[in-house]
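Fold and contact review
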Amino acid sequence: MGFADQRFTVNLSILFTELPLLERPAAAAAAGFTAVELWWPWTDSPVPERSELDALKRAIEEAGVQLTGLNFYAGQLPGPDRGALSIPGEESERFRANIDVATDFAASLGCTALNALYGNRVEGVDPAEQDALALENLALAARAADRIGAVLLIEALNRPESPRYPLVSAPAAVAVVDRVNEATGLGNARFLMDLYHLSMNGEDLPAVIERFASSTGHVQIADNPGRGAPGTGSLPLEDLLDQLKKAGYDGRVGLEYKPGDRPSAEAFDWPAR
């Protein structure tokens, strides 16, 4: 087993970012990948022009890669935002406006995983109010995802880098997954297990895998410290991915790491090492 036994998908919102968006799918294909994933590419626009959507769809199709994951609109990411769906007012409305746009785009490319970032706590707003709004919006997103046969992913981030984000542990994120599934009755909300974020929170990763592999719809990796490629830090990523497979996870593994001070195309030598 090990790295050679995994099915990787490369995140084009953190790798190949030295290239324009429309050139990244072909660059990933040239690096040997057959699958890619994306954060919502239009950080200022939950409803971009049809020409922009069509251009990205064409770039992915012409590169011959499969889009395996897409974020819903999440505000300025990378940047200060960590999602929009729990933020009352304009941002929540922008998330809702994006639901059908993102879902239809995913469906047009056969993408069956949509990630909904929860959003930061807002000063002066009751957390219970934000949580109620989040559940309402996540239920809408889950129903839209179900319409295209997709899962809705809910992710735990890490407290050091996202101090105002409320889902900073695996149990916290899985509790939201369970609430969404209870609210909709669909069962298509799943946990996005990002091993980098969980390690930054100091969680016992083997214990997390043992407890939550059955709730997991997608896995992402980066090494820690540094959020670099496997082997640049101290996480036993190969062993952890082996444990996930043995626990029954057979999905793809998203490469969501920083390439460092080199072109992204040179940041994939770690399986050989």
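For the structure itself, consult the block above.
Notes on the structure in this doc start here. (Residues numbered from 1 in each chain as written. Predicted model: local features only at pLDDT ≥ 70, side-chain atom pairs only at ≥ 80, totals over all residues. Heavy atoms only, no water.)

**So, the sheet that holds strand β6 (residues 189-194)**
Pairing between the strands of a sheet is mediated by backbone hydrogen bonds and can be parallel or antiparallel. Our working rule: Two strands qualify as a pair provided that DSSP identifies no fewer than 2 bridges between them. Secondary structure is summarised from DSSP: a helix means a run of H or I of at least four residues, a strand means a run of E of at least two, and numbering begins at the N terminus for each. For every element, the axis is a line fit to its C-alpha atoms; helices are fit only across the contacting stretch, and the angle between N-to-C directions ranges from 0 to 180 degrees. Two residues qualify as a contact provided that any one of their heavy atoms is within 4.5 Å of a heavy atom in the partner residue.
Judged by pairing direction, the barrel is parallel, and its 8 strands sit side by side in the order β1-β2-β3-β4-β5-β6-β7-β8 before closing back on the first. The mean inter-strand angle of the sheet, taken between neighbouring strand axes irrespective of direction, is 30°. Looking at chain direction, strand β4 (residues 113-115) and strand β5 (residues 151-155) are connected through 3 bridges and run parallel. Each residue of the ladder has a partner; that of Ala113, found in β5, is Val151. Helix-sheet contacts for helix α8 (residues 237-246) involve β1 (8-11), β6, β7 (216-221) and β8 (253-255), and the interaxial angle to β7 is about 170°.

**Digging into empty space enclosed by the protein**
Where we set the bar: The rule is simple: put a 1 Å grid over the protein atoms alone, call a set of points where a 1.4 Å probe fits but cannot get out a cavity, call an open set with protein on both sides within 12 Å along at least five of seven lines a pocket, and count a residue as lining if it has an atom within 4 Å of a point. Grid points are joined across faces, edges and corners, and a volume is the space filled by probe spheres set on the points. In this classification, Asp, Glu, Lys and Arg are treated as charged, Ala, Val, Leu, Ile, Met, Phe, Trp, Tyr, Cys and Pro as nonpolar, and every other residue, Gly included, as polar.
Counting across every chain of the model gives 1 cavity of 30 Å³ or more. Of the pockets and cavities examined, the largest cavity occupies roughly 80 Å³. Around the largest cavity, the lining comprises 15 residues; the ones closest to its centre are Glu37, Gly69, Asn71, His218 and Gln220. Contributing elements (two or more residues each) for the lining of the largest cavity: β2 (35-38), β3 (66-71), β4 and β7. Taken together, the residues of the lining of the largest cavity break down into 6 nonpolar, 7 polar and 2 charged.

**A look at the pairing of β5**
Put simply, the rule reads: Only protein chains enter the area calculation, which uses a 1.4 Å probe; residues under 20% of their type maximum are buried, those over 50% are exposed, and those in between are partly exposed. Handedness of a crossover is defined as follows: orient the strands so they point away from the viewer, and if the path from the first strand over the helix to the second runs clockwise, the crossover is right-handed.
The element β5 is extensively covered by neighbouring structure, given that 4 of its 5 residues are classed as buried. Handedness of the crossover joining β4 and β5 through helix α4 (residues 127-147): right-handed. In terms of strand pairing, β5 meets β6 through 4 bridges, oriented parallel. When the sheet's bridge partners are listed, Leu153 is paired in β6 with Arg190. A crossover links β5 with its parallel partner β6, the connecting element being helix α5 (residues 170-184), and its sense is right-handed.

**As for the layout of surface pockets**
The space that makes up the largest pocket amounts to roughly 380 Å³. Contributing to the lining of the largest pocket are 20 residues, with Ile14, Trp39, Leu77, Pro78 and Arg227 lying nearest its centre. Counted by class, the lining of the largest pocket contains 6 nonpolar, 8 polar and 6 charged residues. Here the second largest pocket is characterised by a volume of approximately 180 Å³. Taken together, Thr9, Thr68, Thr112, Ala113, Val151, Gly217, His218, Tyr249, Gly251 and Arg252 make up the full set of residues lining the second largest pocket. Grouping the constituent residues of the lining of the second largest pocket by class yields 3 nonpolar, 6 polar and 1 charged.

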